[in-house]
Amino acid sequence: MSDQIASQPVSSAGGPITKGAYPELTPHAVIVGYILGVILAISIGYASLKLGFSIEGSELAAILGFGILRGLLRRRSIVENNVAQTVASAVNGASSGMMFSVPAIFILGYGTDFNPYVLTFGAIAGAFLGIAFIIPLRKQMIDYERLTYPGGVAVASILKSPGAGIYKAQLLLGAMLISGLVHFSTVYYGLHDWHLFDQLGLPEYLNGSWYLSLMTVGVAFIAGRGGLAFIVGGFVCYWFIAPMLDVTGLFPKDAVGAVITDPNQLRLMLFRPTGIGMLIGGAVVGVLFALPLIRSAIKSMQSSAKTESAMSRDEMPIKLLYFGIGGAAILLTIMAVTSAQEVGLLRGVLMALLGTVWIWMSGIILSEAIGRTNWSPLSGMTLIAVTLLIMVTQTFGGMSTGSAIVAAITVGAATCVAMSQATDLMLDMKTGYLVGATPRQQQMGQFFGAWLGPIVVIILIFVLHKAFGLGSDEFPAPQGQALASMVQGITGGEVPLEKYIAGALLGGLLSLLQTGLGITVGLGFYLPFNIVLTYALGTLIREITDRTKGKSWSDNIGIPVAAGLIVGEALVGVGNAVYVIVTAG
């Protein structure tokens with residue numbers, strides 16, 4: 001805790017290393033957290049637009065934090081390092097929240113019709129709202145229910161191992177340099193794919209080209225067996241369905257009756273729309289599975305209310321949280337009204353109220369889900385939130401389709417960021433609970449970091465879209481594509497409805513068998529197969545190292561190296577996007 005006194009361990013010189021309270025929420029922690037948070041938001045956001053899913057940033061922040069605070073600055077406080085990773089993960093919290101929603105505006109063709117400043121400030125308001133809503137549940141979920149939060153436990157294990165933490169940071173930095181150099185070489189020489197099957201003379205539809213990306217290998221290594229369903233989805237498309245179409249003579253035909261065997265055309269006409277449907281169906285079923293958690297959430301709120309009078313002075317005052325919720329809700333209303341001229345005050349208030357209620361409910365569901373299962377149906381909650389918001393925009397008539405879409409996705413982005421922040425804070429609070437941190441200090445650290453993430457991410461989105469285009473093969477943005485497809489269906493756009501329905505049924509059935517299965521298999525259908533093949537290499541490497549060297553080696557050496565592969569390629573990729581914009585302008 002903040003009044004905890006060090007036991008005064010003796011240094012090699014014979015004197016005490018520290019005196020007094022352990023440093024916790026310090027300028028060092030906040031500044032280091034900002035630096036690491038920006039790096040993580042750029043790296044994980046970049047990977048999200050490529051692969052369609054994100055990874056938790058707290059563990060990477062803890063590893064890098066050791067390298068800076070302990071390795072460079074010689075800071076020795078474990079709780080100070082914990083605050084640094086809390087700030088960093090709060091900055092990164094906007095990454096998945098905005099990457100699952102905002103790209104849909106660009107994919108639908110309304111990239112010049114929305115106000116990025118309104119969206120960004122709304123996302124900041126949503127972040128504060130999500131944090132404020134979830135703080136009162138800390139005692140119930142962590143102190144009393146003792147939810148597992150495996151991600152938070154993993155970060156705590158890093159913070160408790162100073163020597164191992166610094167070594168992991170060195171591994172991460174070394175891999176980052178290698179990955180950056182490799183990606184720079186592939187960009188410079190234009191070597192994006194290795195067309196192995198073409199060289200072997202195998203059928204075109206097998207699509208055996210490997211995407212030259214160490215980042216993709218790194219993401220797969222970190223996901224481990226959790227990514228197997230994603231691989232299966234891609235292999236089913238090109239190594240099972242495509243050969244079956246060849247054998248049965250059922251390949252689709254173009255407008256003039258020519259048979260289509262080109263893998264890119266097959267993906268656009270058949271596999272991608274089916275995959276989008278699977279994402280939607282799997283997400284909806286995942287949310288339905290999470291509904292029983294509402295009962296648990298209500299009980300948690302009731303229990304928290306009973307213990308409010310006995311809350312420790314180490315907790316943030318509950319009245320301050322009420323002010324934060326009210327202020328953020330007002331900002332959400334302002335954002336809704338100003339997102340499009342046709343919204344009006346009544347619609348804006350309704351959208352803000354819906355967003356506020358949805359943030360409360362979904363934030364609790366997500367926190368319970370990830371605390372019990374380490375799985376978060378964030379994309380599904382986002383899909384449903386934007387669907388409900390579009391219904392509100394069209395309830396009273398009079399709004400054009402473009403304005404309705406922009407307003408709904410703008411407010412939806414804020415709710416998505418709020419949900420992401422709520423989940424991230426509970427993971428970090430679990431870490432703090434295990435290392436003896438002060439809840440108030442950590443909660444303030446989350447607030448300190450939350451405002452910066454939306455600014456970094458919206459700039460990243462604009463840079464990548466201007467350089468390469470979101471929804472392109474370069475940056476498929478699968479979750480944004482799924483959201484855009486659902487929006488088109490609601491607003492009456494032309495979509496391959498039969499493929500979406502078939503995919504939604506398949507995705508829903510798969511998710512009934514195993515939570516989240518429909519989404520991961522659907523991503524394999526949706527994404528270019530070259531990415532799936534390279535991803536499979538990372539999963540294979542993880543499986544081999546787990547079996548031959550043990551899971552401890554994978555956790556302590558393999559994962560830091562994999563994280564470095566992600567950060568290095570992402571930073572070089574963003575730098576290349578900036579270069580493309582500058583030279584084109």
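Within the protein, the secondary structure is distributed over 24 helices and two strands. Taken over 585 residues, the protein has a buried fraction of 57%. A sequence separation of at least 24 residues applies to 82% of the contacts in the protein between residues at least 6 apart. Summing over all exposed atoms, the protein offers an accessible surface of approximately 23,100 Å²; the carbon and sulfur share of this is 66%.

A word on the packing of helix α5 (residues 116–134) against helix α17 (residues 401–435). For the pair α5 and α17, the least separation of the axes is 7 Å and the interaxial angle reads 35 degrees. Crossing hand, α5 versus α17: right-handed. Residues Leu119, Gly122, Ala123, Gly126, Ala127, Gly130, Ile131 and Ile134 of α5 touch α17, and the partners they reach there are Thr410, Ala414, Val417, Ala418, Gln421, Ala422, Leu425 and Met426. A per-class count over the contact of α5 with α17 returns 11 nonpolar, five polar and no charged.

With that out of the way, let us pick up helix α11 (residues 228–248). For α11, built from 21 residues, the straight-helix expectation of 30 Å at 1.5 Å per residue is met to within 8% by its first-to-last C-alpha distance of 28 Å. Its axis deflected by about 40 degrees at valine 236, α11 carries its strongest bend there. Considered for burial, the residues of α11 that qualify are Ala229, Phe230, Ile231, Gly233, Gly234, Cys237, Tyr238, Ala242 and Leu245. Once α11 ends, the next one or two residues include glycine 249, with phi positive near 70 degrees.

Turning our attention to the pattern of salt bridges. This structure, assessed with the given rule, holds seven salt bridges. The partner of glutamate 498 in a salt bridge is lysine 499, and the shortest N-O contact between them spans 3.3 Å. Glutamate 498 sits in the exposed class, given a relative accessible area of 51%. Lysine 499 gets classed as partly exposed once you look at its relative accessible area, which sits at 23%. Here glutamate 543 and arginine 547 are joined by a salt bridge, their closest N and O atoms 3.0 Å apart. With glutamate 543 and arginine 547 both in helix α23 (residues 529–548) and four residues apart, this pair spans about one turn of that helix. Here the residues in one salt-bridge network are Arg225, Glu543 and Arg547, joined through shared partners.

What follows covers the layout of surface pockets. The space that makes up the second largest pocket amounts to roughly 560 Å³. In terms of lining residues, the second largest pocket is bounded by 33 residues, among which Asp193, Asn264, Asp473, Pro528 and Asn530 are the most central. Elements with a minimum of two residues in the lining of the second largest pocket: α1 (27–51), α8 (162–189), α9 (196–200), α12 (263–290), α23 and α24 (551–584). Looking at the lining of the second largest pocket residue by residue, the class counts come to 14 nonpolar, 11 polar and eight charged.

Here we come to the confidence of the model for the protein. Mean pLDDT for the protein: 80, with 83% of residues reaching 70 or above. Within the protein, no element has a lower average pLDDT than helix α13 (residues 292–306), which sits at 57, and none a higher one than helix α19 (residues 452–468), at 93. Confidence drops under pLDDT 50 across residues 1–18; counting only partners more than four residues distant or on other chains, this segment forms 30 contacts.

Let's shift gears to the nonpolar core. In this structure, Met98, Val102 and Met351 are the most contacted members of the largest nonpolar core, which totals 149 residues. Per element, the largest residue contribution to this core is 17 residues, and it comes from α17. One finds Phe100, Trp358, Met381 and Met419 within the second-largest nonpolar core, a separate group that totals nine residues.

This brings us to the environment of proline 496. Assignment of secondary structure puts proline 496 in the loop between α20 (478–491) and α21 (497–513). Residues proline 496 and proline 273, 223 residues apart in the sequence, show an inter-C-alpha distance of 7.0 Å.

Moving on, we get to unusual backbone geometry. One non-glycine residue, alanine 477, lies in positive phi territory at about 50 degrees. Relative to the assigned elements, alanine 477 resides in the loop between α19 and α20. Alanine 477 gets classed as buried once you look at its relative accessible area, which sits at 2%.

Moving on, we get to α17. End to end, α17 covers 51 Å across 35 residues, agreeing with the expected 51 Å (1.5 Å per residue, within 8%). Burial runs high along α17: 32 of the 35 residues are buried. Looking at the residues trailing α17, positive phi occurs at glycine 436, about 80 degrees.

Moving on to the side chain of serine 554. Tracing the sequence through the fold places serine 554 in helix α24. Judged by relative accessible area, serine 554 falls into the buried class, the value being 0%. Only 2.6 Å separates the side chain of serine 554 from the side chain of aspartate 546, close enough to count as a polar contact.

What counts and what doesn't
- Residues numbered from 1 in each chain as written.
- Predicted model: local features only at pLDDT ≥ 70, side-chain atom pairs only at ≥ 80, totals over all residues.
- Heavy atoms only, no water.
- Helix = DSSP H or I, 4+ residues; strand = E, 2+ residues; numbered from the N terminus.
- Buried < 20%, exposed > 50% of the residue type's maximum accessible area, 1.4 Å probe, protein only.
- Contact = heavy atoms within 4.5 Å.
- Areas by Shrake-Rupley, 256 points an atom, 1.4 Å probe, with all protein chains shown as cover.
- Axes fitted to C-alpha atoms, helices over the stretch in contact; angles between N-to-C directions.
- Left-handed = near helix turned anticlockwise from the far one by under 90°.
- Nonpolar A, V, L, I, M, F, W, Y, C, P; charged D, E, K, R; others polar.
- Expected span 1.5 Å × (residues − 1).
- Bend = angle between axes of the 7 residues up to and from the residue.
- Salt bridge = Lys/Arg side-chain N within 4 Å of Asp/Glu carboxyl O.
- 1 Å grid on protein atoms, 1.4 Å probe; cavity = no way out; pocket = protein on both sides within 12 Å on 5 of 7 lines; lining within 4 Å.
- Points joined across faces, edges and corners; volume = space filled by probe spheres on them.
- pLDDT = per-residue confidence, 0-100.
- Core = buried A, V, L, I, M, F, W, Y, C linked by side-chain atoms within 4.5 Å.
- Polar contact = N/O pair within 3.5 Å; in protein donor to acceptor, adjacent residues only side chain to side chain.

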